Amino acid sequence: MSDKIKEIILIFWGSLAICLYVADSFGWIDLHQWLQQICHYEYSYAETARLLLPVLFITMAVIEIFKIVSVSFQMGRTPVAPLLGTSHEVRLLPSRLQDNAVSVSSFASRGDDMVVLESVDTSEDKLQTIRDRHRHEQEIHHEKVMAAIRDYLYEVLAPYMKNDDIDTLYKNVERWQYSNEPELSPTITDGRLSTLDLRHLAWNIGERLKWPGERRATFIKLSFPHELRDSDVSSIRRNLRQQGDSIIPIDIPDKRDFAFHKPVSGE
């Protein structure tokens, strides 16, 4: 006989005994008299039905309740590995894990007014805040670079150019930096700055703004067309850092810095 059948028989007779005890306690039947009648066969079919039907119904109800309680207990109980020395691992497929995550998220959102969705939105807002802060820091850094270039132009060129020409040259720098199709205005010196000085000037400015050599050469050629009338863009680019006797020296910025060093006049 299997363990399952034994369990059912045990449940049945145990439930029957409980039902008889409960019925006798509440006075529904006289258990002592009922047992005597069974032993001496002093009962009719009608009496048997009247006595047994309530007991059978109560017994069936108790069995069903016991089954429900047992199944509920089994579902809530942690699975135990078999006693044969082998272990069984319950694994969920990725899709099932994903479904479980969705159900948990749905439950959390119902319980706390869309908590999961709010956390996602909060995360996205946080990333956008980081991007905005980084963009703002870059803008501030670039403004500082442009301010340093403006001060540098006035400090270096004031003895050799008029104020209006220096202002024009600075506006050329802004256009060259920000505009896709800039139109640069020509400027002029008093004649004491050589083409070597202007090439050094272009290199120093372009180094702070990360301009490539071709862009530096084109900028200085368009800004000083009179002084560089005999030089083409390619030759200017090749000789941006040419060494020689000059008023404006090459100014290499320190690492991770953009500041200009104190210029040394060659006069």
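Parameters at a glance
Residues numbered from 1 in each chain as written. Predicted model: local features only at pLDDT ≥ 70, side-chain atom pairs only at ≥ 80, totals over all residues. Heavy atoms only, no water. Helix = DSSP H or I, 4+ residues; strand = E, 2+ residues; numbered from the N terminus. Expected span 1.5 Å × (residues − 1). Buried < 20%, exposed > 50% of the residue type's maximum accessible area, 1.4 Å probe, protein only. pLDDT = per-residue confidence, 0-100. Contact = heavy atoms within 4.5 Å. Salt bridge = Lys/Arg side-chain N within 4 Å of Asp/Glu carboxyl O. Phe/Tyr/Trp six-rings, centres within 6.5 Å; stacked < 30°, edge-to-face > 60°. Polar contact = N/O pair within 3.5 Å; in protein donor to acceptor, adjacent residues only side chain to side chain.

Undergrad: Explain helix 7 (residues 195-209) to me, and be specific about the residues and the numbers.
TA: A rise of 1.5 Å per residue sets the reference length of helix 7, with its 15 residues, at 21 Å; its end C-alpha atoms lie 21 Å apart and thus fit the reference within 8%. Within helix 7, 13 of the 15 residues are buried, which leaves the element mostly enclosed by the surrounding structure. In the stretch just after helix 7, Lys 210 is the one whose phi turns positive, near 60°.

Undergrad: Requested: an account of the confidence of the model for the chain, with residues and values cited.
TA: Per-residue confidence for the chain gives a mean pLDDT of 77, with 66% of residues at or over 70. This stretch, residues 78-86, has a pLDDT under 50; its non-local contacts, to residues over four places away or in other chains, come to two contacts. Note on residues 99-109: pLDDT is under 50 here. Beyond four places in sequence and across chains, it has six contacts.

Undergrad: Would you mind going over the environment of Leu 240 in detail, with residue names and values included?
TA: When you line up the elements, Leu 240 lands in the segment after helix 9 (233-238). If we skip the residues at most four places from it in the chain, Leu 240 touches Arg 199, His 200, Ala 202, Trp 203, Gly 213, Arg 216 and Ile 250.

Undergrad: Describe in detail the pattern of salt bridges, supporting the description with residues and values.
TA: Within the structure shown, the criterion is met by five salt bridges. Between Arg 192 and Asp 190 there is a salt bridge, with the nearest N and O atoms lying 2.8 Å from each other.

Undergrad: Tell me what's going on with the packing of aromatic side chains, and back it up with residues and numbers.
TA: Using the criterion set out here, one finds three aromatic pairs in the structure. Geometrically, the ring pair formed by Tyr 152 and Phe 260 is stacked, given 4.0 Å between the ring centres and 10° between the ring planes. Remark: Phe 260 occurs in the segment after helix 9 and Tyr 152 occurs in helix 5 (residues 115-157); sequence separation between them is 108 residues. Here Tyr 152 and Phe 260 have matching classes, each one buried.

Undergrad: So what's going on with the side chain of Asn 204? Residues and values would help.
TA: For Asn 204, the position within the fold is in helix 7. There is a polar contact of 2.9 Å between the side chain of Asn 204 and the side chain of Tyr 152. Within the structure, Asn 204 has its side chain in polar contact with the backbone oxygen of Pro 249 (distance 3.0 Å). In contact with Asn 204, other than residues within four places in its own chain, are Tyr 152, Ile 248, Pro 249, Ile 250, Asp 251 and Phe 260.

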